[in-house]
Amino acid sequence: MASIEMKNIVKKYGDGFPAVNDISLDIADGEFMILVGPSGCGKSTLLRMIVGLEDITSGDMVIGGTRVNDKAPRDRNLSMVFQNYALYPHMSVYENIAFPLRLAKTPDDQVDRLVKEAADVLELHEHLERKPANLSGGQRQRVAMGRAIVRQAEAFLFDEPLSNLDAKLRGQMRTEIARLQRRLGITTVYVTHDQTEAMTLGDRVCVLRKGSIQQVASPRELYEQPVNLFVAGFIGSPPMNFLPATVEGSSLRTPFGAIELDERRAAAVAGHELLLVGIRPEYFEDASLVDDAKKHVGTTFTAKVDVTEWLGDQQYAYIPYEAPDQIRTRLRDLSKELDSEELRTQAIVSIDSTSRIREGREAEFWLDLRKVHVFDPETGENLTRDAEAGAELTRMANEDREEQVAEAAGGLTGERSTGAA
Amino acid sequence: MSTKEKTGWIIGGVLIVVYCLAPIAWIVSLSFKAPSDLANGSFLPTTPTGENYGLILNGSASDLFLPALRNSFGICLIATFISCVLAMFAAYAIARLDFPGKKFILGTALAVAIFPVISIVTPLFNLWRNIGLYDTWPGLIIPYLSLTLPLSIWTMSAFFREIPWEMEQAAQVDGATTWQAFRKVIVPLAAPGVFTTAIIAFFIAWNDFVYGISLTSTEASRPVPAALGLFSGASQFEDPTGAIAAAAVIVTIPVVVLVLVFQRRIVAGLTNGAVKG
């Protein structure tokens, strides 16, 4: 087990294009770090540089206090789960898991014990003699993980390990990975483009864009205090709505009526003309269903609903709005960058599933103003980010993690002592 | 498939098989005919006889045939082995590594493979005589390598390209050196490709006639195809057709056996299940 430190890591390909540009990131011992971003953001390249499959153009990669830039993958003692599992098809499941041990010339009885242990953890016992070709996708995934956990590696690296599984299995394996990491307490770096995985698995999440770090923070901080338009748009599903706004004193004029800002936020936006207001879908509600006690922290407005989607536990309404051309192009660029295709400017609004709001009609909505953020459309910067509140969220997440790790360690020693008895 | 289509396919298949096997059947039948029976005008011998086989295995032609058989086996196996080993490394480099002149190597290999043998055999004859390789095993192995190596490199690099890169990277992360990854992961996965290549290389060497007849003069190195051409009848009025047919049957047997034995390995898709399914 070891910490991973990256100092000013740069990766340039032959044509001089920087796939990874000046990244500095510290991953603590035992931490679960997620690298996330749209395709082509350099997250996989960064992971492959950690494991040594990709050369580092400049910068320092330090694992467990040793600089590993010039070490071959086999000397770094990391284990990796590949996107397509990369199981050895000519070997049985047993030999696949035992492969790293065999290479390390481990004695046979010890190999047998370690493989059986790994198989126990991953419930692979009845499959040990089978060939990978005869296994299902989820079983192959578990074999790949078995190969990773069988030896005492410094860290686990995952390269989009769940992207080849179907949705149901993905959910199961996700919790399985989280449980395993907590139990073993091993430093883990996990690359994904799926933000559900990013939000649920990580102690901290590192959002990358075009080879640069945008923000490194706990999932909660990313969600509630995003540093810029890119992070705000990337984290959250359905995504955050961005409405054009103009400043008028201490309030903002938006297509959905005026938004009154508190002092801190009003001061932050002063001096700007055209702005973008970022509102999460769940900050909206059907006005008729809002508790009176809560109503005063928000504002109400009426708008025509284009489409509604009823999903049982929740309901979404789509409200189109007009935006100036400048904002329109900015939003189109952003959605392109986020791998999505936004065709029209519309707000996605989450309303209670019991709401009787219907398509094509005017309806009254309520908007919670407490967590609304304001962005500068030119730079993308979040003008109203509360850094302290964000840091507090990450600090709390850290405490939770330490507690869990300690608990897992306690549980593990407990298990062992009973096993010995 | 309807019954009509099915019978169509069966008839078509039978026609092709008959067309392909007819010459072989004819040679087999010829090999069992006595000299006086050769021109009997019918497909089957009137009285089947093992006389021809006796002639080439124990009789007067055995001096010519048996050493040639030994030469052919030795030379072809050595040439196949060397070309497979060399081609394996070359193909791996071509499939995996990025180095200047990669295209040039592949292009040259192809050019050599399609170069007409007959045009280099005369200079080679002179050169071999001068440096003492004429009528020796290496004197045939070297030209055979020039025939088999380009083809082997091409076939094997195609097979190596099919093996996912990740296999090897996974092995490296698991603690293997490049050589260990190659030996324990790549070679077993490439085995069907290696066998296919070996068989093709063996056939090319086994079937060669031009080098065999031109670069040899005695039983020290003369291969079977060349020896067949030198058979003579008991007298100059007698045709050696029966003996040649018998010898042809015998040299066909190893080829057929080879294909039947390795057929499964050639066809087997060993990479199944390596990656997502």
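Please refer to the structure placed before this passage.
Residues numbered from 1 in each chain as written. Chains lettered and ligands numbered in written order. Predicted model: local features only at pLDDT ≥ 70, side-chain atom pairs only at ≥ 80, totals over all residues. Heavy atoms only, no water.

Here we look at the overall build of chain B
Move 1: Across its full length, chain B carries 11 helices and zero strands.
Move 2: For chain B, the N- to C-terminal ordering of α and β elements is α-α-α-α-α-α-α-α-α-α-α.
Move 3: A principal-axis box enclosing the C-alpha atoms of chain B has dimensions of 70 × 65 × 30 Å.
Move 4: Within chain B, buried positions represent 42% of all 277 residues.
Move 5: Nonlocal contacts in chain B, meaning residues at least 24 apart in sequence, comprise 74% of its contacts between residues at least 6 apart.
Move 6: As displayed, chain B has an accessible area near 14,800 Å², and 71% of this comes from carbon and sulfur atoms.
Move 7: A gap of 12 Å separates the mean positions of the 15 positive and 14 negative side-chain charges of chain B. (Helix = DSSP H or I, 4+ residues; strand = E, 2+ residues; numbered from the N terminus. Buried < 20%, exposed > 50% of the residue type's maximum accessible area, 1.4 Å probe, protein only. Contact = heavy atoms within 4.5 Å. Areas by Shrake-Rupley, 256 points an atom, 1.4 Å probe, with all protein chains shown as cover. Lys, Arg positive; Asp, Glu negative; His and termini not counted. Charge placed at Lys NZ, Arg CZ, Asp CG, Glu CD.)

Some points on the pairing of strand S4 (residues 58-63) of chain A
Every regular strand shows the same layout, with side chains that alternate between the two sheet faces.
All names here are of chain A.
Move 1: Sheet topology places strand S1 (residues 4-12) next to S4; five bridges connect them, and they run antiparallel. Among the inter-strand pairings, Ile4 is bridged to a residue of S4, identified as Ile63.
Move 2: Relative to strand S5 (residues 66-67), S4 is paired through two bridges, and the arrangement is antiparallel. Each residue of the ladder has a partner; that of Val62, found in S5, is Arg67.
Move 3: Turn length for the S4-S5 hairpin, with the two strands adjacent in sequence and antiparallel, is two residues, and the turn residue Gly64 shows positive phi of about 55°. (Pairing = 2+ DSSP bridges.)

Focus: the packing of helix H7 (residues 165-173) of chain B against helix H8 (residues 178-207) of chain B
Residues and elements named next belong to chain B.
Move 1: Axis separation between H7 and H8 bottoms out at 9 Å; the angle between their running directions is 155°. Comparing their axes, H8 and H7 come out roughly antiparallel. In the crossing of H7 with H8, the sense of the turn from one axis to the other is right-handed. Together, Met167, Glu168 and Ala171 of H7 and Ala181, Val185, Ile186 and Leu189 of H8 make up the contact between the two elements.
Move 2: Tallied by class, residues from the contact of H7 with H8 come to six nonpolar, no polar and one charged. (Axes fitted to C-alpha atoms, helices over the stretch in contact; angles between N-to-C directions. Parallel < 35°, antiparallel > 145°, perpendicular 65-115°, else oblique. Left-handed = near helix turned anticlockwise from the far one by under 90°. Nonpolar A, V, L, I, M, F, W, Y, C, P; charged D, E, K, R; others polar.)

Describing the packing of helix H3 (residues 62-96) of chain B against helix H6 (residues 137-162) of chain B
All names here are of chain B.
Move 1: It is at 6 Å that the axes of H3 and H6 come closest, and there the two elements cross at 40°. In the packing of H3 onto H6, the handedness of the crossing is right-handed.
Move 2: Residue composition of the contact of H3 with H6, by class: 22 nonpolar, six polar and three charged.

What to know about the sheet that holds strand S13 (residues 257-260) of chain A
Residue and element names in this part refer to chain A.
Move 1: Reading across the sheet, the five strands line up as S13-S12-S11-S14-S21 and stay open at both edges, with antiparallel pairing between neighbours. The two strands at the open ends of the sheet, each matched to only one other strand, are S13 and strand S21 (373-375). In this sheet, neighbouring strand axes are inclined to one another by 40° on average, regardless of whether the strands run parallel or antiparallel.
Move 2: Along the sheet, helix H12 (residues 325-337) contacts strand S11 (241-248) and strand S14 (274-279); its crossing angle with S14, the most-contacted strand, is approximately 45°.

Topic: the packing of aromatic side chains
Move 1: One pass over the full model with this rule turns up 22 aromatic pairs over all chains.
Move 2: When the ring of Phe158 of chain A is compared with that of Tyr190 of chain A, the centres are 5.5 Å apart and the planes differ by 40°; the resulting orientation is tilted. With Phe158 of chain A in strand S7 (residues 155-159) and Tyr190 of chain A in strand S8 (residues 187-192), the pair connects residues that are 32 residues apart, well separated along the chain. When sorted by exposure, Phe158 of chain A lands in the same class as Tyr190 of chain A, which is buried.
Move 3: When the centroid spacing of 5.4 Å and the interplanar angle of 20° are considered together, the rings of Phe202 of chain B and Trp206 of chain B count as stacked. Here Phe202 of chain B and its partner Trp206 of chain B are both found in helix H8, four residues apart, which amounts to about one turn of the helix. Comparing Phe202 of chain B with Trp206 of chain B, the two get one shared label, buried.
Move 4: Among the aromatic residues, those joined into a cluster by ring pairs are Phe256, Phe284, Phe301, Tyr321 and Phe365 of chain A. (Phe/Tyr/Trp six-rings, centres within 6.5 Å; stacked < 30°, edge-to-face > 60°.)

Some points on unusual backbone geometry
Residues and elements named next belong to chain A.
Move 1: Along the chain, Ser237 connects to Pro238 via a cis peptide bond; the corresponding omega equals -5°.
Move 2: As for its position among the elements, Pro238 is in the loop between helix H9 (229-234) and S11.
Move 3: Positioned with a positive phi, Asp22 is a non-glycine residue whose angle comes to about 55°.

Considerations on the interface of chain A and chain B
Move 1: On the side of chain B, 24 residues touch chain A, which itself brings 25 residues to the contact.
Move 2: Buried area between chain A and chain B, summed over both chains or domains, comes out near 2,200 Å², and the portion from carbon and sulfur atoms is 62%.
Move 3: In terms of surface lost to chain B, no three residues of chain A exceed Arg74, His90 and Leu103 of chain A, which account for 25% of the buried area on that side.
Move 4: Taken together, chain A and chain B are joined by one salt bridge.
Move 5: Across the salt bridge formed by Asp174 of chain B and Arg147 of chain A, the nearest N and O atoms sit 3.4 Å from each other.
Move 6: Put simply, chain A and chain B have eight residue pairs in polar contact (both at pLDDT 80 or more) between them.
Move 7: For the side of chain A that touches chain B, the secondary structure elements donating two or more residues are helix H1 (43-51), helix H2 (73-76), strand S6 (79-81), helix H3 (93-103) and helix H5 (137-149) of chain A.
Move 8: Classifying every residue of the side of chain A that touches chain B gives 16 nonpolar, four polar and five charged. (Buried area = accessible area lost by both parts, 1.4 Å probe. Salt bridge = Lys/Arg side-chain N within 4 Å of Asp/Glu carboxyl O. Polar contact = N/O pair within 3.5 Å; in protein donor to acceptor, adjacent residues only side chain to side chain.)

In short, the description is geometric, and any link to function would need to be established separately.
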